[in-house]
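# Structural characterization, general
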Amino acid sequence: MNERLAFGYGTGGRGPGDILPLTPAAPGRANAVTHAGEPADVAPARERRDWAFLGLLAFTGVLYFRPQDQIPGMASVPFAEIFAIIGLLAMVTGRLARGLPVTRITPELAGVAALGFVILATAPFSIWPGGAVGTFTNVFAKVILIYILMINTLTTTERLYRFMTVVVLATGYIATRAVFDYARGINLIENGRVQGAVGGMFGNPNDLALNMVAVLPLSVLMAIQAKTTLGRLGAAFLGMMMISAVMVSYSRGGFVGLAVMLLILGVQLARRKPAMAAVGVLLLLFAVPFAPSSYWERVASITDDSLDATGSREARRILLTEAWHTFLTFPFHGVGAGQFANYNPPERLEIWRETHNVVLQVAAELGLPGLAVFLFLLYRSIAASLTTRRLVKRARGLSARPSWQAHAPPPAAVIGRDEAALLDAHAAAMMSAIVGWLVCAMFASVAYSWTFYYLLALVAAPVTILRQRLAAGGRAGGPSLRVPERV
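In this report, the structure presented in the accompanying data block is examined. (Residues numbered from 1 in each chain as written. Predicted model: local features only at pLDDT ≥ 70, side-chain atom pairs only at ≥ 80, totals over all residues. Heavy atoms only, no water.)

### A closer look at the environment of phenylalanine 117
The cut-off we apply is this: Helix and strand labels come from DSSP, where a helix needs a run of H or I of at least four residues and a strand needs a run of E of at least two; each type is numbered from the N terminus. Residue burial is assigned from relative accessible area. The probe radius is 1.4 Å, only protein chains are included, and a residue is buried under 20% of its type maximum, exposed over 50%, and partly exposed in between.
Residue position: phenylalanine 117 is located in helix α4 (residues 107-122). The exposure class of phenylalanine 117 is exposed, given its relative accessible area of 58%. Spatially, the C-alpha atom of phenylalanine 117 lies 9.2 Å from that of glycine 370, the residues being 253 residues apart in sequence.

Pasting the structure below:
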């Protein structure tokens, strides 16, 4: 894989904030399900030695931190591939040893795999078949494999929190580097816009801003859930750095995405933590005057052509039109995955450029089949958040069943109060993250990039966890607890 270099993760301790143990208490553990149908009483031992989960954490650390871009000589060792292989092999062998299929199948996985199939199926009709196949083998095949690893290892709420912590810490580190680079006047392009201190999905200012917007809600969630003052302050600091990184990137798409995401997050936060929402608003109002005037001039160019010194606004408008025309010319197979920039007929004005719109990117490159699959994945990402909240509400109700039901499991066998609050808050944060990403992606070509598929796994994992927990309660409490397998 392209992302390389070592990252270590210790198995001791919990994530920042020392979240309370999230597996059910001892009396109900025999009825709880935590690892793909396993009883919870066997989970703790495996939790300490699950190389599949540790491989996922290590790969994610390499993907986000990208130390190979910062430490000379480290890029020669393919640490990302090594960690991914370790994780996948451990996952497959572990599941087979427990008599389980190689992977669990979810609608989201089916959609991700279907998108990969469309990339390959349309490649023969591409303007450059080799390039389209290369997009699959060099990029999207890895996305599919890591997505499989994620859905098979994010099987408990505690694991979900640990995984989220790695993503937040890594993104916060990149954000802090970007802010300090801007202050020092390094890593600047296009009249003072900061780019990522590392390459990959943080390489250019727009991608940097997109990732900040997508992960910011998770840092807010960590600040809310943290049990220590240090944990709350640390998560809040990283969140402020992410907002600052969006500003110093001068990304107009990032500004719009940030505004929409903060609005949605603020509404949901006000319902749960009104005091914290008020503090957040005050902090934003305090920070706005410190943004450089050139930033607000660039934001104003969204609606005022005269303020767009680089002409990028007009170029984006032309590219949207050209992408739409390309889709109409090749509606059933597109020009091939990753090939819009290489499709340069005589009438194109903005040659060798991407669509800068994720929906038009898929439409122009993969045609109607790819567009249908991608829209399905977007739908599933939003639906999963809503489903999580519905299942949390149901689990809370089952946990409060009257004690006269002698056959019912102890309430903790379904869900605990702290865990229910965390999963509900997680669903709200993920809704904000998905919408924020989507708004930013309307100005970026990121259909095959990692960020969306990480968000998809994060938002879908609680649905599986809750369905398993409710199914375990159903086996102990009767058929009335059966959970329908639908969104």
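Resuming the write-up.
### Here we look at the packing of aromatic side chains
Our working rule: When two rings of Phe, Tyr or Trp (its six-membered ring) have centres within 6.5 Å they constitute a pair, described as stacked for plane angles under 30 degrees, edge-to-face for angles over 60, and tilted for the intermediate range. Over a ring means this: the NZ of a Lys or the CZ of an Arg is within 6 Å of the ring centre and within 35 degrees of the ring normal.
Tallied over the entire structure, the rule returns 19 aromatic pairs. Consider the rings of tryptophan 450 and tyrosine 454, whose centres lie 6.2 Å apart with planes at 75°: the pair is edge-to-face. Here tryptophan 450 pairs with tyrosine 454, and both are found in helix α15 (residues 450-477), just four residues apart, close to one helical turn. Classification of tryptophan 450 as buried rests on a relative accessible area of 9%. Considering the side-chain rings of phenylalanine 452 and tyrosine 453, the 5.2 Å spacing of their centres and the 75° angle between planes classify their relative orientation as edge-to-face. Every member of this aromatic cluster is reached through a ring pair, and the members are Phe59, Tyr64, Phe163, Phe202, Trp450 and Tyr454. Of note, arginine 348 hangs over the ring of phenylalanine 340, and the distance from its end group to the ring centre comes to 4.3 Å.

### What to know about helix α11 (residues 293-300)
Here is the rule: The arc in question is traced by the directions running from the helix axis to the C-beta atoms. What makes two residues a contact is simply this: any of their non-hydrogen atoms within 4.5 Å.
The complete set of buried residues in α11 reads Tyr295, Arg298 and Val299. Around the axis of α11, the buried residues are gathered within 100° of arc, so they sit on the same side. Buried residues along α11 sit against β4 (193-194), α8 (229-249), α9 (252-272) and α12 (312-329).

### Notes on the nonpolar core
So the rule is basically this: What we call a nonpolar core is a set of buried Ala, Val, Leu, Ile, Met, Phe, Trp, Tyr and Cys residues that are connected through their side-chain atoms within 4.5 Å.
Of all hydrophobic cores here, the largest spans 120 residues; its most connected members are Phe140, Tyr147, Phe163, Phe374, Trp437, Tyr453 and Tyr454. For this core, the leading source of residues is α15, giving 14 residues. Leave out the neighbours within four places in its chain, and tryptophan 437 touches Leu210, Val213, Ala214, Val358, Phe374, Leu378, Val446, Thr451, Phe452 and Leu455. One finds Leu319, Ala323, Phe340 and Leu360 within the second-largest nonpolar core, a separate group that totals five residues.

### Here's the deal with the pattern of salt bridges
Put simply, the rule is: Each reported salt bridge corresponds to a side-chain nitrogen of Lys or Arg within 4 Å of a carboxyl oxygen of Asp or Glu.
Across all of its chains, the model carries eleven salt bridges by this definition. A salt bridge links arginine 313 to aspartate 305, with the shortest nitrogen-to-oxygen separation between them at 2.0 Å. One salt bridge connects arginine 317 with glutamate 314, and the closest N-O pair in it is separated by 2.5 Å. Taken together, the residues arginine 317 and glutamate 314, both in helix α12 and three residues apart, mark about one turn of the helix. Residue classification places arginine 317 among the partly exposed positions, given a relative accessible area of 46%.

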